[in-house]
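Read off the chains here:
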Amino acid sequence: MRDFIFEIKKVLIYQKGAWFILLLILLKILSLAILDNSANLSLEADKEDYLFYLEQVKGALTEENESFFRDESEKIASAKVKLENLYSDYYDGVLYNQVMPEAELDSLSKPFEEQIEKEKGFQLIYDQYMYVRENPDNRYFLYTNGWNALLAHERLDLSMFFLLLLLIAPMFCNEYESKMDIILLSSKKGRVTLVLKKILLAFGMVTLLSLLFSLIEYTYFHFQYGLSDGHYPIQSLEYFHSSLKNMSLFEAFIRSSVYKLFGYLCFSVLIMFVSVCTKKTILTLFISTVVILLPYFGLTARWIQYLLPLPLGFMLGSGFFRGDEIAGSADAIEPKVVFRAITDTEFTIIAVLLILIALTMILLMTKKFINFQSIRKEIQSIRREAGEKQ
């Protein structure tokens, strides 16, 4: 236990891991504010009127809601006509010296103007109505900005990505670069036990940080927009309009958080494996970064990222919930595939394959780290260097 605590102190204090964690948590919060482009700005601009209408129809589409939209459309159209007629009569009166008192004009026009002022808010809820009516069984009326900001994107969390690199890469590389691996592996608890302690420490940090970052996201968007009606179907968001998944919005968030945790754990194994193979911090950072960022920025077909046996797809998360999306006109010879749904079978195969790869990397790096032949070579090299200096 004392050795494990020392490993924690080594990572958090001696390798300045605690400072990296604090810094990148602040960067995470700033990035949420800066990169938050999922919100419908029109919804925010006319939020009061929109919420007024939303309260009338919230939830599943019903016959009463259908009637409400028809009646409200007629009211707004009628208010426009009556207001136009009222001003027409007023200006006719000016021409014929039969001017209506302004107080009377204001009194008569005020109800129509109030009705028309809500038109933008009504148009927003009407656009949502047009979307919901296409498939009313799994599309509900709700305030979407919060859930869109939380779920409707496939953006790699770069704060978490770089934090894992900075915390995990030095765990083995520092031992090699300082020649401490020779001393550690020659001690009683310096072989398999040491490797397992480092792996458990890495997994523990990844788990806590992943859950913390998911909690930060949820808390931020809860206070920024609100995350009510989490029990509504995921298809209530247009981003998941073609999804075949039977899950709620909150369940999608929980699953996405679990997928990201799994992806980060596999990524941490990749970093440790590369660090044991290369024994150099710079090389480990470079190779680990390329393995993730190259397909992330290089593949234009985003759905392929989820089929690769890499941690990337799970680190993104939300794409596993999307359905097939085809773009192109009716007369197009070959419609363009925007996104292809990841089936449950494909998901299982990728997850199992990734687990097997991670376990293989753990076994190989453990064997390589405790390889005494390489240690003997290093000892002989050190002795030669010492002899040359004498």
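Just above, that's the structure.
Residues numbered from 1 in each chain as written. Predicted model: local features only at pLDDT ≥ 70, side-chain atom pairs only at ≥ 80, totals over all residues. Heavy atoms only, no water.

(A) Fine view of the overall build of the protein. Looking only at helices and strands, the protein has 16 helices and two strands in total. Partitioning the contacts of the protein with sequence separation of at least 6, the portion at a separation of at least 24 is 75%. Carbon together with sulfur atoms contributes 61% to the accessible area of the protein, which is approximately 21,400 Å² in total. (Helix = DSSP H or I, 4+ residues; strand = E, 2+ residues; numbered from the N terminus. Contact = heavy atoms within 4.5 Å. Areas by Shrake-Rupley, 256 points an atom, 1.4 Å probe, with all protein chains shown as cover.)

(B) Local environment of the pattern of salt bridges. For the structure on display, the rule yields nine salt bridges. Residues E154 and R322 are paired through a salt bridge, measuring 2.3 Å at the closest nitrogen-oxygen approach. On the criterion of sequence distance, the pair formed by E154 in the loop between α8 (145-151) and α9 (158-177) and R322 in the loop between α14 (312-316) and β1 (325-327) is long-range, its members being 168 residues apart. Since its relative accessible area comes to 8%, E154 is described here as buried. Of the residues examined, R322 reaches a relative accessible area of 9% and is grouped as buried. Salt bridges sharing partners connect three or more residues here, namely K28, D157 and E217. (Salt bridge = Lys/Arg side-chain N within 4 Å of Asp/Glu carboxyl O. Buried < 20%, exposed > 50% of the residue type's maximum accessible area, 1.4 Å probe, protein only.)

(C) Layout of the packing of helix α12 (residues 249-278) against helix α15 (residues 344-369). Close contact between α12 and α15 brings their axes to 9 Å; oriented N to C, the two are set at 30°. The angle between the axes of α12 and α15 places the two elements in the roughly parallel class. In this structure, α12 crosses over α15, and the sense of that crossing is left-handed. Taken together, the residues of α15 that come into contact with α12 (itself represented by Y259, F262, C266, V269, L270, M272, F273, V276 and C277) are F347, A351, L354, I355, A358, M361, I362, L364, M365, K368 and F369. (Axes fitted to C-alpha atoms, helices over the stretch in contact; angles between N-to-C directions. Parallel < 35°, antiparallel > 145°, perpendicular 65-115°, else oblique. Left-handed = near helix turned anticlockwise from the far one by under 90°.)

(D) A look at the packing of α12 against helix α13 (residues 281-298). Closest axis-to-axis distance for the α12/α13 pair is 9 Å, and the angle between their directions is 140°. With respect to their mutual orientation, α12 and α13 come out oblique. Two packed elements cross with a definite hand, and for α12 against α13 that hand is right-handed. Here α12 contributes F267, L270, I271, V274, S275 and T278 to the contact with α13, which in turn contributes L283, T284, I287, S288, V291 and I292. Class assignment of the residues belonging to the contact of α12 with α13 gives a composition of eight nonpolar, four polar and no charged. (Nonpolar A, V, L, I, M, F, W, Y, C, P; charged D, E, K, R; others polar.)

(E) Just the nonpolar core, in detail. Membership of the largest hydrophobic core comes to 93 residues, with the highest contact counts inside it found for I125, F141, W147, I168 and F267. When residues no more than four places from it in sequence are discounted, the contact partners of F141 are L54, V57, K58, G59, L61, N65, F69, I125, Q128, Y129, V132 and Y232. (Core = buried A, V, L, I, M, F, W, Y, C linked by side-chain atoms within 4.5 Å.)

(F) Molecular detail of the environment of P170. As for its placement among the helices and strands, P170 is situated in helix α9. Distance from P170 to Q15, taken between C-alpha atoms, is 7.6 Å for residues 155 residues apart in sequence. Residues in contact with P170, not counting those within four places in the same chain, are Q15 and L165.

(G) The packing of aromatic side chains, seen in detail. Applying the stated criterion across every chain, the model contains 32 aromatic pairs. Seen in terms of ring centroids, F161 and F267 are 5.2 Å apart; in terms of plane orientation they differ by 15°. Their pairing is stacked. In this pair, F161 is assigned in helix α9 and F267 in helix α12, connecting sequence segments 106 residues apart. Looking at F161, the relative accessible area reads 0%, which means it is buried. On the accessibility criterion, F267 (0% relative accessible area) is buried. Taken together, a centroid distance of 5.6 Å and an interplanar angle of 80° make the contact between Y259 and F320 edge-to-face. With Y259 in helix α12 and F320 in the loop between α14 and β1, this pair connects stretches of sequence that are 61 residues apart. Relative accessible area serves as the criterion here: at 14%, Y259 is assigned to the buried category. (Phe/Tyr/Trp six-rings, centres within 6.5 Å; stacked < 30°, edge-to-face > 60°.)

(H) Looking closely at unusual backbone geometry. The phi angle at D229 is positive, at roughly 60°, despite the residue not being glycine. Checked against the element boundaries, D229 lands in the loop between α11 (192-224) and α12. Judged by its relative accessible area of 13%, D229 is buried. A positive phi angle, close to 65°, is found at K279, a residue other than glycine. As for its position among the elements, K279 is in the loop between α12 and α13. With relative accessibility at 22%, the residue K279 sits in the partly exposed group.

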